[in-house]
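Secondary and tertiary structure notes
Chain residues, written in single-letter form:
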Amino acid sequence: MSDSLDRRLAALAEAADLGQERVDEEILDTTRAGVKKAGARLGLGVERTVIALAGPTGAGKSTLFNELAGSALSEVGRLRPTTSTAAAAAWGEGAAPLLDWLDVPRRHLLDDPELAGLVLLDLPDFDSVESSHRLEVDRLIELVDLVMWVVDPQKYADAAWHDGYVRPLRRYAAAMAVVLNQSDLLSEQALASCAADLARLLERDGVAGVPVLAVSARAGEGLQAVRALLVERVAAREAVVARLEADVEVAAEGLARFCGAEPGARAGRKERDRLLDALADAAGVPTIVRAVESAHRRRGALATGWPFFRWIRRLRPDPLRRLRLPEDPQESVHTSLPGPSGVQLARVETSARGLADQVAAKLPEPWPTLVRGAATGSGDRLPDELDRAVAGADLHVRRPRWWRLGGFLQTALATAVAVGALWLLALLALDYLRLDDVLPVPEANGVPLPTALLLGGIVAGIALAFLARLVNGAGARRRARAAGRSVRARVEVTGEKLVLEPVERELEAYERFCAAVVKAATPSERKRTRRRLAAV
Ligand SMILES: Nc1nc2c(ncn2[C@@H]2O[C@H](COP(=O)(O)OP(=O)(O)O)[C@@H](O)[C@H]2O)c(=O)[nH]1
Ligand SMILES: [Mg+2]
């Protein structure tokens, strides 16, 4: 019978768990307490129905209680306030655990097969001058399966009752009945207009359709109808579930204000790109790209440049070494990149916020705040994580194979230049000593060989260096682009981890929370059908 209720209670408990540390704690506590109460009540069985007689001072609750019990169990009093605790009458054996749970020590055991399963409570007056009475009434109204309000012709319109109880409890209309007592004090006509007025007030309170029974507890009039109502409710065994379902509905409604009509959006391309750009900038991608490019040029020049000018290149440090950028990916290394500036970090935060707002701005609070917090929450870790991302990136620093050949050729050409120069110096010395005919100078195509070696070596060396420089320039740009791409890819992973995934987690929590709330708020198909039929 309570399959649907169990399912809804489970959904409510799930919503309370998902809302943990997100949604207003007080509401979650109330929800959890409600789930716990429902579990306890269901655990005590639906075979018994707890019905409380509640109402203002002197309406006749105790008189009615005694009439129904068939004996003077409860004190009917002119001396007020009478008692601060409720009195219970239980029909049939085995009500003790239920009464223990209700914490009602004053109990009487009655025997009437027709009413077996009924636990009737005579509550203190809710309008008593003793505030403890009211507290006791409120405590028990939370727990009982059905409240039978007892009012009299003087007090049926009191604001204390309508505004203090009926209207706030209007969602519990299914767990309510009203007895208009002391009908013997009115003429038939007056009673009719009084009952009509009461019905009108109840409708205004939002509980139209609640059964209203006019009785005279003292004269014993109309008691049969009250008894019939009790018998019917006890026999149907539905009061427990009906009351708890109303509890679930109220609780689900309380949580539903944290759920909007719109589902959470997913991060858009534009927002993602903006965030990624800001992160790449903060990670120093432009600096890295420049360093990779100029390192390759420098290394290429050292390997293949004109040997006589290489020393100039050596004067400037290698940019990759200077930034301590590992050439092989190594996450554990700390680079010497300057780290993100305040402006760069602010830009990351702004774009993370923008992304959060894009996905969550339309959700009800607290979700936009939570999503924004999730998007920007890892800000402290950002510089470190970005550095790690950079250090772990493949910068595509590889020495091309042809550099060996180029270097070898340059060395050979430089050697030729040196040989030619030394040779010419030797000839100069011999000429000075007037020994120039001693050594014949070989010629190549009419040019003396030492001259050819010197000049040819210079020209070829410079030409080779020039050519190599062109090729190395292109290679440097290519490597720089590849390095930029791989650093960006790593930065993207960091952005996923620090911004997008936390945002996604919050959105998921939102969706699961609201799905649970909807589930809790939705009665089963069978129940709805029955309600629809009842409405016809
Ligand atoms: N005239 C009349 N008096 C009643 C009726 N029911 C109760 N009373 C009296 O109203 C007074 C208060 O009754 P009681 O049952 O103690 O009211 P409680 O405060 O609601 O418990 C007592 O003097 C009762 O005798 C009734 O139906 N008609
Ligand atoms: Mg009383």
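Residues numbered from 1 in each chain as written. Chains lettered and ligands numbered in written order. Predicted model: local features only at pLDDT ≥ 70, side-chain atom pairs only at ≥ 80, totals over all residues. Heavy atoms only, no water.

1. A word on the side chain of R479
Inspection of the secondary structure assignment puts R479 in helix 18 (residues 449–521). Although R479 is buried, it forms no salt bridge, and the closest oppositely charged side chain is D394 at an N-O distance of 9.4 Å. Excluding residues within four positions of it along the chain, R479 makes contact with V292, H296, L395, H396, R398 and P400. (Helix = DSSP H or I, 4+ residues; strand = E, 2+ residues; numbered from the N terminus. Buried < 20%, exposed > 50% of the residue type's maximum accessible area, 1.4 Å probe, protein only. Lys, Arg positive; Asp, Glu negative; His and termini not counted. Salt bridge = Lys/Arg side-chain N within 4 Å of Asp/Glu carboxyl O. Contact = heavy atoms within 4.5 Å.)

2. Describing the pattern of salt bridges
Taken as a whole, this structure holds 35 salt bridges when the rule is applied. One salt bridge in this structure joins R41 and D145, with 2.8 Å as the shortest N-O distance. Of this pair, R41 sits in helix 2 (residues 25–43) while D145 sits in the loop between helix 5 (131–143) and strand 5 (146–151), and the two are 104 residues apart along the sequence. Here D145 falls in the buried class, since its relative accessible area comes to 2%. The closest approach of N and O atoms between E385 and K497, which form a salt bridge, is 3.1 Å.

3. Some words on a positive patch on the surface
A cluster of basic side chains, namely R477, R478, R481 and R485, defines a positive patch on the protein surface. Position of R477 relative to the elements: it lies in helix 18. (Patch = residues over 30% accessible without salt bridge, like charges linked within 9 Å, V, L, I, M, F, W, Y side chains within 5 Å. Areas by Shrake-Rupley, 256 points an atom, 1.4 Å probe, with all protein chains shown as cover. Charge placed at Lys NZ, Arg CZ, Asp CG, Glu CD.)

4. Notes on the sheet that holds strand 4 (residues 118–122)
If you walk across this open sheet you meet the 7 strands as 3-2-4-1-5-6-7, and the pairing is mixed. Two strands bound the open sheet, and with one partner strand each, they are strand 3 (106–110) and strand 7 (212–214). Strand-to-strand, the axes of this sheet are offset by a mean angle of 20 degrees, without reference to chain direction. In this sheet, strand 5 lies alongside strand 1 (residues 49–54) in parallel orientation, the contact comprising 4 bridges. (Pairing = 2+ DSSP bridges. Axes fitted to C-alpha atoms, helices over the stretch in contact; angles between N-to-C directions.)

5. Observations concerning the state of the cysteines
Summed over all chains, the structure comprises 1 disulfide. Between the sulfur of C259 and that of C514 lies a disulfide, 2.1 Å long from S to S. Its S-S torsion of approximately -95 degrees makes the covalent link between C259 and C514 left-handed. Taken together, the residues C259 in the loop between helix 9 (239–256) and helix 10 (269–282) and C514 in helix 18 connect sequence positions 255 residues apart. Across this residue pair, the class does not change: C259 and C514 are buried. (Disulfide = S-S within 2.5 Å.)

6. Brief notes about the site of ligand 1
Taken together, 19 residues lie around ligand 1, and G58, G60, K61, T63 and D184 are the ones closest in. Here an oxygen atom of ligand 1 and a backbone polar atom of G60 are 2.9 Å apart. Here A217 contributes a backbone N or O atom positioned 3.0 Å from an oxygen atom of ligand 1. In the shell around ligand 1, the residues fall into 5 nonpolar, 9 polar and 5 charged. (Near = heavy atom within 4 Å. Polar contact = N/O pair within 3.5 Å; in protein donor to acceptor, adjacent residues only side chain to side chain. Nonpolar A, V, L, I, M, F, W, Y, C, P; charged D, E, K, R; others polar.)

7. Things to note about the packing of aromatic side chains
Within the structure shown, the criterion is met by 8 aromatic pairs. Taken together, a centroid distance of 6.1 Å and an interplanar angle of 80 degrees make the contact between F126 and W149 edge-to-face. Of this pair, F126 sits in the loop between strand 4 and helix 5 while W149 sits in strand 5, and the two are 23 residues apart along the sequence. As far as the burial class goes, F126 and W149 line up, both buried. With a centroid separation of 6.1 Å and 65 degrees between ring planes, the pair formed by W149 and W161 is classed as edge-to-face. A residue pair is termed long-range when its members are at least 10 positions apart, and W149 in strand 5 and W161 in helix 6 (residues 159–166) qualify at 12 residues. Judged by its relative accessible area of 1%, W149 falls in the buried class. Grouped by ring-pair contacts, the aromatic residues F126, W149, W161 and Y165 constitute a single cluster. (Phe/Tyr/Trp six-rings, centres within 6.5 Å; stacked < 30°, edge-to-face > 60°.)

8. Points about empty space enclosed by the protein
Inspection of every chain in the model, using the stated rule, returns 2 cavities of 30 Å³ or more. Counted as a void, the largest cavity has a volume near 90 Å³. Forming the boundary of the largest cavity are I141, E142, V144, D145, L146, V147, L169, Y172, A175, M176 and R243. Among the elements of the structure, helix 5 and strand 5 are those that each provide at least two residues to the lining of the largest cavity. In terms of residue class, the lining of the largest cavity is made up of 8 nonpolar, no polar and 3 charged. Here the second largest cavity is characterised by a volume of approximately 70 Å³. Every residue along the wall of the second largest cavity is listed here: V292, A295, H296, R299, L320, V397, R398, R399, W403 and R479. The element best represented in the lining of the second largest cavity is helix 11 (residues 285–304), accounting for 4 residues. (1 Å grid on protein atoms, 1.4 Å probe; cavity = no way out; pocket = protein on both sides within 12 Å on 5 of 7 lines; lining within 4 Å. Points joined across faces, edges and corners; volume = space filled by probe spheres on them.)

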